[in-house]
Protein chains: 2
Amino acid sequence: METFYSDSFVLLFIVCLISFTTPCDGGNILVFPVDGSHWVNMKILLEELHARGHNITVIRASTSWYIAEKSPLYTSITIAIPIDEGFEDFFDVYLQENMRGASALTFLKITKDFLSMLSEAHLMWSQALVKTFDDENMIKSLMDSQYDFVLTDPALAPGILLAKYLKLPLVLNVRWITSGEGHFAIAPSPLSYIPVPGSGLTDKMNFMQRIKNMFFYSIILLQQKFMLGPSYDALCDKYIEGGCEIISLLQEADIWLFRSDFVFDFPRPTMPNVVYIGGFQCKPARPLPADLEEFVQSAGEHGVIIMSLGTLVNALPKDVADEIASVFAKMPQKVIWRHKGERPSTLGNNTLIVDWMPQNDLLGHPQTKVFVAHGGTNGVQEAIYHGVPVLGIPLFFDQYDNLLRLQERGAGKIIELVDVNGHSFEQGLKEVLHQDSYRLNMQRLSRLHRDQPIPPMDRAIFWVEYVMRHKGAPHLRTEAYKMPWYSYYCLDVVVLLLTVATGLLLSALAFFRFLCCSRRRKTKAKQH
Amino acid sequence: METFYSDSFVLLFIVCLISFTTPCDGGNILVFPVDGSHWVNMKILLEELHARGHNITVIRASTSWYIAEKSPLYTSITIAIPIDEGFEDFFDVYLQENMRGASALTFLKITKDFLSMLSEAHLMWSQALVKTFDDENMIKSLMDSQYDFVLTDPALAPGILLAKYLKLPLVLNVRWITSGEGHFAIAPSPLSYIPVPGSGLTDKMNFMQRIKNMFFYSIILLQQKFMLGPSYDALCDKYIEGGCEIISLLQEADIWLFRSDFVFDFPRPTMPNVVYIGGFQCKPARPLPADLEEFVQSAGEHGVIIMSLGTLVNALPKDVADEIASVFAKMPQKVIWRHKGERPSTLGNNTLIVDWMPQNDLLGHPQTKVFVAHGGTNGVQEAIYHGVPVLGIPLFFDQYDNLLRLQERGAGKIIELVDVNGHSFEQGLKEVLHQDSYRLNMQRLSRLHRDQPIPPMDRAIFWVEYVMRHKGAPHLRTEAYKMPWYSYYCLDVVVLLLTVATGLLLSALAFFRFLCCSRRRKTKAKQH
């Protein structure tokens, strides 16, 4: 490939050069991550920052799922927070509902459940933050540490509130904010061509679809109004000088490291302080373990299918798993399937069931022909990076939207969970395997993704260190968010102009009427 | 400076590396430039493209001011076009009017004159293009040349029309389009904080200023409606399949190389296919000629003031020049003044009058303390690059707006031409010389400008070659411009929703009225 980025050895060399020639004294970074899969992304960035000699402090919940208290990467500060048991139950319920097919009612119920679960998480963090702010020793130690800036994932709000409280510059590692997709908070987002996540729409909508999009946007607004306000207003009033709103705090951030790009997402308006780092986690494949390599090579010219539905789902329903296994058994390919549930009774000899797979290394293996995936962002971006077409079975959240972006470019195909059966799965799999267009389109996306002036990870590091060098980046951020909404949309000007125009029109009418009447009166007077 | 970009030797090395490792077969580029100062900018880009081994063909007018027919850089194609004498007269008249002070009436007159002059230019190019399209040999030769893409400056429209006609990808080297500033054509531009060029406003506007901004925006709309349409509609209908509009053709461009950035300009929404190359022409200073170096060094610790009002003005009015010269004569600094008119009678020994000066080398000289400038984009960007504060005397066009951006950041001061006299000039000059904040703020802008992941010129080249490698960049461009305006703004949806809401409200009212009446009737019936 004739690209800058694909010539990775050159880039490595460049990065090394830059590393050596740019004396970057180790910075002092306060990180407030979000747990779960969000932490996986944050940790990759922290590893790079650590390698660059920066000193990292991570704030974690006492009940954290993934964030270890001790790590060679960082020093940790633990905040006491009650265990939240809602999430895992929710996923199971959601999956069951989803299997039964989606009616408007189940959608509303699931949305309500999800929002109230999120609401609780906000309230919990808000209370934990109040305790932190009241803990004089903790605050003194945070102040004394003289952090250069706060790095946070704004899917939850405590990081941005802490940055404001400590009066520190703020860098976001972001895709989702407290109320939906990040862009909607800072960049103009015309609803006529910017699909709201969850709506299942693309950037080309007809009239009915635009009504649907507006409906989904209203959920975002309701969320901002009725979820964020009650959770944080009291805290803002008490601890932040002049009060605060979560959305305004987001708009005040110096740099948004946005985990997306326009090979993956639809083109849309953006802002100067948004830096696209989509696929920053992608790496060239490493060699497979010997036994796996042998299995993969044994597939010969037919190649390999890999399947993984992510970490959140423990097991597919047994009947679905059986149907999938029997389709796999019929294929001439070899199959590697990350599957945790009961061993399907219909499993063929060509199918290897695993607990865990080196997904990136398999996707980068020339034998891999198709990726059967749930459509999590990381998996989709790795598939793009390696140019492997996707058969997608979306389960939760943004997964349908992610897969839709591939399907729209002809690089993937979606089967909804409710429609998965032996017939549909076999048909879908064969289509993605044998129609060349899927592979060619995905390889095109891969070429585009790799062809960047500098790789996304280096871009992320550059802008993080930029904020350290210049103590923020206020010149890249508009202050329009400080305007009242009617001024932002110039509605006050429009109302004035309409009033003046109406006034002029009425005066003109009154004047002509007066002229008419006086003429009539004169005529009458003459007649008398 | 601890920056990537300032370590120019490293970057040179990187660029060389990239040049060698990225086998970029010479592309075939068709360039349709705009004459005058626009050509100066385009030529710098062409020099770099030529050095990278690309084959360049330039289309020029037979009456071109600057674009030579023969050049080692390019092959030229000459299009017959009548001499346009309007421009130079216009500048003289404009300057005279401006000296007398600006009333609303003179503003309107000047705007009208300028627009009708521009209108004529459009008409002239439109006619020339019709001749080109009708010239079968010319078109055959253009087709046969198999250009990779068209590179044009869209301050005039023929380049974008030719690209459409030849069905080639389009790259713009742009700041001004056929109707004002480029961003207004493709990025959402809320008038509440995006000042329309010419309005003299910043990104922070009060109510009255927002009214003024809207007024200036209406001029853009009128221009699009009444100037572009009449000039090109017939041509579009006849030669372009399905017709065309200039603004849509601009919105269809693959990449916008935008000659600005957010160190210079106010932050604002942008689009994924806009690449900021502001300051791409800036270079480190070279040593001065020996005699000039001697003069500069003779200033000692007081340093040097340089003054240039650009190439368009032949001479300042004599009385103004005399006053300026007498102020210079009083200063302890040495002065280098690019001045074409009569030698001022009040000239001091410390002032060197020159016809031409190596402006970039002087701005980069450590002895240079202040730049007295008219505020042309190139000069302002060079001043930022070298960190020299500016005393600005704006003459035409965007010059006031350019200088305003420096003044807002405390890195420059504006004296309007009508206010220039000995007293104001002396005061302004001393303020910029002696108040440290001007120098410090300008040096801060310089640090920010130089601190970029890759230098603007390399960015420009990367994206030009990107368009060649991928035969366009349609994935970075929204297709929302194809929607009717009422759909783009979702007005159709809003009207529907309002209608439904009104319908429901009226039905509810009617229902309650019916209930009321029937109850009243019953009560009456009972009473009887």
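Sequence order sets the numbering: in each chain, residues are counted from 1 along the sequence as written. The naming scheme follows written order: chains are lettered A onward, ligands numbered 1 onward. For a predicted model such as this one, the threshold for reporting local features is a pLDDT of at least 70, and the threshold for listing and counting side-chain atom pairs is 80 or more; totals across whole chains, interfaces and linings nevertheless cover every residue. To obtain the side-chain values, all non-hydrogen atoms of the structure were used and water was disregarded.

S.K.: Even after reading the chapter, I still don't get the pattern of salt bridges, so can you show me in this structure?
M.R.: Side chains that differ in sign of charge can pair as their charged atoms come close. Note on definitions: salt bridges are taken to be side-chain nitrogens of Lys or Arg within 4 Å of carboxyl oxygens of Asp or Glu. Under the definition given, this model contains 36 salt bridges over all chains. Linking Arg 469 of chain A and Asp 451 of chain B is a salt bridge whose minimum nitrogen-to-oxygen distance equals 2.7 Å. Within this pair, whereas Arg 469 of chain A is found in helix H17 (residues 456-470), its partner Asp 451 of chain B is found in the loop between helix H16 (436-450) and helix H17 (456-470), the two belonging to separate chains. When accessible area is computed with a 1.4 Å probe and restricted to protein chains, residues below 20% of their type maximum are described as buried, those above 50% as exposed, and intermediate ones as partly exposed. Overall, Asp 451 of chain B belongs to the buried group, its relative accessible area being 1%. For the salt bridge of Lys 140 of chain B with Asp 144 of chain B, the shortest nitrogen-to-oxygen distance reads 2.6 Å. Residue Lys 140 of chain B and its partner Asp 144 of chain B are both found in helix H5 (residues 136-144); the two are separated by four residues, about one turn of the helix. Connected through shared salt-bridge partners, Lys 330, Glu 426 and Lys 430 of chain A make up one network. Numbering of helices and strands starts at the N terminus; helices are DSSP runs of H or I of at least 4 residues and strands are runs of E of at least 2.

S.K.: Can you walk me through the sheet that holds strand S3 (residues 75-79) of chain B in this structure?
M.R.: The strands making up a sheet associate through backbone hydrogen bonding, with each pair oriented either parallel or antiparallel. Residues and elements named next belong to chain B. Any two strands with at least two DSSP-identified bridges between them are counted as paired. Strand order in the open sheet made by the seven strands is S3-S2-S1-S4-S5-S8-S9, with parallel pairing throughout. Unpaired on one side and paired on the other, S3 and strand S9 (274-276) mark the two borders of the sheet. Across the sheet, the axes of successive neighbouring strands diverge by a mean angle of 20 degrees, strand direction being ignored. With three bridges joining them, strand S4 (residues 149-152) and strand S5 (residues 170-174) adopt parallel strand pairing. Here, axes are lines fitted to C-alpha atoms. For helices the fit covers the stretch in contact, and angles between N-to-C directions go from 0 to 180 degrees.

S.K.: What am I meant to see in the packing of aromatic side chains here?
M.R.: Within a pair of aromatic rings, the relevant descriptors are the distance that separates the centres and the angle that separates the planes. Residue and element names in this part refer to chain A. In this analysis, rings of Phe, Tyr and Trp, with Trp reduced to its six-membered ring, are considered paired at centre separations within 6.5 Å, and the interplanar angle assigns stacked below 30 degrees, edge-to-face beyond 60, and tilted for intermediate values. Under the criterion given, the structure shown has 36 aromatic pairs over all chains. Residues Phe 328 and Trp 337 carry aromatic rings whose centres are separated by 5.6 Å and whose planes lie at 75 degrees to one another, so their mutual orientation is edge-to-face. Judged on exposure class, the residue Phe 328 and its partner Trp 337 are both buried. A centroid spacing of 5.1 Å and a plane angle of 85 degrees characterise the contact between Phe 462 and Trp 463, whose relative ring orientation is edge-to-face. Here the aromatic residues Phe 133, Tyr 165 and Tyr 239 are joined through ring pairs into a cluster of three or more. Here, over-ring charges are defined by two tests on the NZ atom of lysine or the CZ atom of arginine: distance to the ring centre within 6 Å, and angle to the ring normal within 35 degrees. It is Arg 469 that lies over the ring of Phe 462; its NZ or CZ is 5.2 Å from the centre.

S.K.: Would you mind showing me how to read the relation of the copies chain B and chain A here?
M.R.: With an RMSD of 0.1 Å, the fit of chain B onto chain A corresponds to turning through 180 degrees and sliding 0.0 Å along the axis. Taken together, the rotation angle and the small translation identify this as a two-fold axis. Closest to the rotation axis within chain B is the C-alpha of Thr 270 of chain B, separated from it by 2.7 Å. Most of the interface of chain B is mirrored in chain A: 100% of its interface residues are interface residues there too. Residues below a pLDDT of 70 in either copy are left out; the C-alpha atoms of the rest, at least 70 in both, set the least-squares superposition of the copies. Between two residues, a contact is recorded if the distance between any of their heavy atoms is within 4.5 Å.

S.K.: Sorry, what's going on with the sheet that holds strand S9 (residues 274-276) of chain A here?
M.R.: All names here are of chain A. If you trace the seven strands from one edge of the open sheet to the other, you get S3-S2-S1-S4-S5-S8-S9, paired in parallel fashion. Each end of this open sheet is capped by a strand with a single partner; those strands are strand S3 (75-79) and S9. Averaged over all neighbouring strand pairs, the angle between strand axes comes to 20 degrees, with direction disregarded. Examined bridge by bridge, strand S8 (residues 255-258) and S9 share three bridges and lie parallel to one another. Each residue of the ladder has a partner; that of Leu 257, found in S9, is Val 275.

S.K.: In this structure, what is going on with the nonpolar core? I would like to understand it.
M.R.: One broad rule of soluble globular proteins: the nonpolar side chains tend to lie buried together. Here, nonpolar core means buried Ala, Val, Leu, Ile, Met, Phe, Trp, Tyr and Cys residues that are tied together by side-chain atoms lying within 4.5 Å of each other. Grouped together as the largest cluster of nonpolar side chains are 127 residues, with contacts concentrated most on Leu 46, Leu 151 and Leu 257 of chain A together with Leu 161, Trp 256 and Ile 336 of chain B. If one sorts the elements of this core by residue count, H17 of chain A sits on top with nine residues. Among all residues touching Leu 151 of chain A, those that are not within four sequence positions of it are Ile 29, Leu 30, Val 31, Phe 32, Met 42, Leu 45, Leu 46, Leu 49, Val 171 and Asn 173 of chain A. The next biggest cluster of nonpolar side chains, apart from the first, holds 126 residues, and it includes Leu 235, Ile 336 and Phe 371 of chain A together with Leu 476 of chain B.

S.K.: Please clarify how the interface of chain B and chain A should be interpreted in this entry.
M.R.: By a widespread convention, an interface's size corresponds to the accessible area lost as its parts come together. With 55 residues of chain B at the contact, the number on the chain A side is 55 residues. Simply put, the buried area is the total loss of 1.4 Å probe accessible area from both parts when two parts are fitted together. Overall, the association of chain B and chain A removes approximately 5,500 Å² of surface from exposure, summing both partners, and the carbon and sulfur fraction of that is 73%. Summed over the shared surface of chain B and chain A, the number is four salt bridges. Asp 492 of chain A is paired through a salt bridge with Arg 210 of chain B; the nearest N and O atoms lie 2.8 Å apart. Definition of a polar contact: a pair of N or O atoms within 3.5 Å, with one able to donate and the other able to accept a hydrogen when the atoms are protein atoms, and with sequence-neighbouring residues admitted only if both atoms are side-chain atoms. For the interface between chain B and chain A, the tally reads 11 residue pairs in polar contact (both at pLDDT 80 or more). For the side of chain B that touches chain A, the elements supplying multiple residues, two or more each, are helix H1 (8-21), helix H8 (207-239), H16, H17, helix H18 (485-488) and helix H19 (491-527) of chain B. When residues in the side of chain B that touches chain A are grouped by element, the largest group, six residues, is from H1 of chain B.

S.K.: How should I be thinking about the packing of helix H13 (residues 377-386) of chain A against helix H14 (residues 399-408) of chain A in this particular structure?
M.R.: What describes two packed helices is the angle between their axes and the distance between those same axes. Residues and elements named next belong to chain A. Orientation of H13 relative to H14, taken along the N-to-C sense of each, is 20 degrees, at an axis distance of 9 Å. Viewed along their axes, H13 and H14 adopt a mutual orientation that is roughly parallel. For the pair H13 and H14, the crossing hand works out as left-handed. Counting all contacts with H13, which are made through Thr 377, Val 380 and Ile 384, the residues of H14 involved are Asn 402, Leu 403 and Leu 406. Throughout this entry, Asp, Glu, Lys and Arg are counted as charged residues, while Ala, Val, Leu, Ile, Met, Phe, Trp, Tyr, Cys and Pro are counted as nonpolar. The remaining residues, Gly among them, count as polar. Classifying every residue of the contact of H13 with H14 gives four nonpolar, two polar and no charged. Angles below 35 degrees are treated as roughly parallel, those above 145 as roughly antiparallel, those between 65 and 115 as roughly perpendicular, and all remaining angles as oblique. If you view the pair so one helix is near and one far, a crossing is left-handed when the near helix is turned anticlockwise from the far one by less than a right angle, and right-handed when it is turned clockwise.

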